[in-house]
Amino acid sequence: MAKSILITGGARSGKSLFAERSIAKMGGAPTYIATARPQDDEMDVRIAAHKARRGAEWGLVEEPLDLIGALRASDTGPRLVDCLTLWLTNLMLAEADWRAAVDEVAGVLPTLDHPVVFVTNEVGLGIVPANALARRFRDAAGTVNQTIADAADEVFLVVAGQPLKVKPGAA
């Protein structure tokens, strides 16, 4: 069974950097599975910064919707999925069945041969959003995070760049 890790935290908390460092410790040729869709200049700058920080040794799969396909196709070494909340956004905008998709991702984890690290945003620590769409997204993100956390071997919360192990893996 592959090792699966969920890393959550707030915006700019250091989640992705912690995830990249975790993958580096696993050995093998890492693959970055990007769920973002660059749609503006600011997102282009963020994506470029992530790519530059990772370096050329990382493989790249850009997949905004078919996360199961990307996980299966890249099961040749450790993978970093960044991020689940952008993936959820893409599914919701496509009016796809996000609940079935997240259940499928959780279900595939034990069948994978190589580790996978998921990055996600913790969106439930703030105030209740004022509009219905934002509340639906917040609630859906909570469901996604809980489902993957339940399926993952380990879970970390990153705050101010400091990881806190929430769910320890088997000894």
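This section reports on the structure supplied with the text. Predicted, not measured: the structure shown is a model, and the values here were computed from it.

### Describing the packing of helix α4 (residues 84–93) against helix α6 (residues 132–151)
Put simply, α4 and α6 touch, their axes get as near as 10 Å, and they point 125° apart. In terms of orientation, α4 lies oblique with respect to α6. Between α4 and α6 the crossing geometry is right-handed. The residues of α6 that touch α4, namely those facing Leu 84, Thr 85, Leu 88, Thr 89 and Met 92, are Arg 136, Phe 137, Ala 140, Ala 141, Val 144 and Ile 148. Partitioning the contact of α4 with α6 into residue classes produces eight nonpolar, two polar and one charged.

### Here's the deal with the pairing of strand β7 (residues 162–167)
Looking down a regular strand, the side chains alternate between one sheet face and the other. In the sheet, strand β6 (residues 154–159) pairs with β7 via five bridges, with the strands oriented antiparallel. Bridged to Phe 156 within β7 is Lys 165. Linking two consecutive strands that pair antiparallel, namely β6 and β7, is a turn of two residues; a positive phi of about 50° is found at Ala 160 within it.

### With respect to the packing of helix α5 (residues 98–108) against α6
The angle between the axes and the distance between the axes are what describe a pair of packed helices. Contact pair α5 / α6: the axes reach a minimum separation of 9 Å and the direction vectors enclose 15°. The orientation of α5 with respect to α6, classified from their angle, is roughly parallel. For the element pair α5 and α6, the recorded crossing hand is right-handed. Contacts between α5 and α6 pair Trp 98, Val 102, Asp 103, Val 105 and Ala 106 from the former with Ala 140, Thr 143, Val 144, Thr 147, Ile 148 and Ala 151 from the latter.

### Let's talk about the pattern of salt bridges
One pass over the full model with this rule turns up six salt bridges. Arg 46 is paired through a salt bridge with Glu 42; the nearest N and O atoms lie 2.5 Å apart. Here Glu 42 and Arg 46 lie together in helix α2 (residues 41–54), a separation of four residues that amounts to about one turn. Among the ionic contacts, a cluster of salt bridges with common partners joins Lys 3, Glu 154 and Lys 165.

Conventions and cut-offs
- Per chain, residues are indexed from 1 in the order of the written sequence.
- Residue-level local features of this predicted model are given only where pLDDT is at least 70; pairs of side-chain atoms are given and counted only at 80 or more, and the full residue set underlies all totals for whole chains, interfaces and linings.
- To get the side-chain values, all heavy atoms of the structure are used, and hydrogens and water are removed first.
- Here an axis means a line fitted to C-alpha atoms, over the contact stretch when the element is a helix, while the angle between two N-to-C directions is reported on a 0 to 180 degree scale.
- Labels follow the DSSP assignment, with helices taken as runs of H or I lasting at least four residues and strands as runs of E lasting at least two, numbered in each case from the N terminus.
- Roughly parallel covers angles under 35 degrees, roughly antiparallel covers those over 145, roughly perpendicular covers 65 to 115, and oblique covers all other angles.
- Each helix crossing is assigned a hand: it is left-handed if the near helix lies turned anticlockwise from the far helix by less than a right angle, otherwise right-handed if that turn is clockwise.
- Should any heavy atoms of two residues lie within 4.5 Å, those residues are counted as being in contact.
- Just so you know the grouping, Ala, Val, Leu, Ile, Met, Phe, Trp, Tyr, Cys and Pro go in nonpolar, Asp, Glu, Lys and Arg go in charged, and all remaining residues, Gly too, go in polar.
- Two strands pair under a simple rule: DSSP has to find at least two bridges between them.
- Just to be clear on terms, a salt bridge is a Lys or Arg side-chain nitrogen sitting within 4 Å of an Asp or Glu carboxyl oxygen.

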